[in-house]
Amino acid sequence: YTLTDRSNCIYYLYLIQNCLKEFNVTKVRFRPHPSENPNWYRNNIDLNFYQIDDLDLSSSLASSSLVIGPTSTVFFDALIQGVNYVVFQPLNQFGFGLNGYRIPSMYNGDNEKVPVAKSVVELREILKKKKLVNISILNDICQEKFDLEDVYSIINSVRTCKYDR
């Protein structure tokens, strides 16, 4: 995944900040992606509202009551630790994410178990109604037992393929 316009990150945080202020939230923690430079954010966001979170992910989630974020594997980490995750995927005028990419199916609002906000209006509504992710989504996605048979069959099929050169 490549960011096509870093200003979208600031815009995204601005949308969340304005929405949360409507609920009288005055300070939140913001956790940049590990590949991002927190100092860049420090120079571009409201540090009176956002506190840069530099804890390890597990500790960060343990001290959280709610996570608002985009398409991310943190979704799974949060749910496993018992923290609700509100998917906020604002769409551009063409129905794509802010960076012009399609939103993956689990995060696009098609699954009723995962509340997804595609706009600030929808984010406000999810927060107002305190909608929760249906935790059974984890059973739909993850198996209880890790089974390598599918992996082995893929490896074996590649090994037996003959390529014409």
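What you are looking at is a predicted structure, and each value in this text was computed from that prediction instead of being measured. (Residues numbered from 1 in each chain as written. Predicted model: local features only at pLDDT ≥ 70, side-chain atom pairs only at ≥ 80, totals over all residues. Heavy atoms only, no water.)

What about the overall build of the chain?
The number of helices and strands found in the chain is seven helices and five strands. From first element to last, N terminus to C terminus, the chain shows the α and β order α-β-α-β-α-β-α-β-β-α-α-α. Among the 165 residues that make up the chain, the fraction classed as buried is 32%. Summing over all exposed atoms, the chain offers an accessible surface of approximately 11300 Å²; the carbon and sulfur share of this is 51%. (Helix = DSSP H or I, 4+ residues; strand = E, 2+ residues; numbered from the N terminus. Buried < 20%, exposed > 50% of the residue type's maximum accessible area, 1.4 Å probe, protein only. Areas by Shrake-Rupley, 256 points an atom, 1.4 Å probe, with all protein chains shown as cover.)

Structural notes on the packing of aromatic side chains
Overall, the coordinates contain eight aromatic pairs when judged by the stated rule. Ring geometry for F30 and Y50: centres 6.0 Å apart, planes at 70 degrees, overall edge-to-face. With F30 in strand 1 (residues 28–30) and Y50 in strand 2 (residues 50–52), this residue pair connects regions lying 20 residues apart in the sequence. The pair formed by F30 and Y50 is uniform in burial state, with each residue classed as buried. Taken together, the ring pairs in this structure connect F30, W40, Y41, F49 and Y50 into an aromatic cluster. (Phe/Tyr/Trp six-rings, centres within 6.5 Å; stacked < 30°, edge-to-face > 60°.)

Quick look at the confidence of the model for the chain
Across the chain, the average pLDDT comes to 87, with 90% of residues at or above 70. Ignoring residues within four places in sequence, the model shows residues 161–165, a span with pLDDT below 50, making zero contacts including any to other chains. (pLDDT = per-residue confidence, 0-100. Contact = heavy atoms within 4.5 Å.)

Digging into the side chain of N8
By the secondary structure assignment, N8 is in helix 1 (residues 7–21). Not counting chain neighbours up to four residues away, the residues in contact with N8 comprise L98 and N99.

Observations regarding a nonpolar patch on the surface
A surface patch of nonpolar side chains, amounting to about 310 Å² of accessible area, comprises L148, V151, Y152 and I155. By secondary structure assignment, the location of V151 is in helix 7 (residues 149–159). (Patch = residues over 30% accessible without salt bridge, like charges linked within 9 Å, V, L, I, M, F, W, Y side chains within 5 Å. Salt bridge = Lys/Arg side-chain N within 4 Å of Asp/Glu carboxyl O.)

Thoughts on the side chain of N108
Of note, N108 is situated in the loop between strand 4 (84–88) and strand 5 (116–117). When its relative accessible area of 18% is taken as the criterion, N108 is described as buried. For N108, the side chain forms a polar contact with the main-chain nitrogen of D110, separated by 2.9 Å. Sequence-distant contacts of N108, that is, excluding residues within four places in its chain, are made with I103, V116 and K118. (Polar contact = N/O pair within 3.5 Å; in protein donor to acceptor, adjacent residues only side chain to side chain.)

Structural notes on the sheet that holds strand 4
Strand order in the open sheet formed by three strands is 3-4-5, and the pairing between neighbours is parallel. Of all strands in the sheet, those with a lone pairing partner are strand 3 (66–69) and strand 5, marking the two edges. As judged from the two bridges shared by strand 4 and strand 5, these two strands associate in the parallel manner. Each bridged residue has a counterpart across the sheet, and for V87 the counterpart in strand 5 is V116. (Pairing = 2+ DSSP bridges.)

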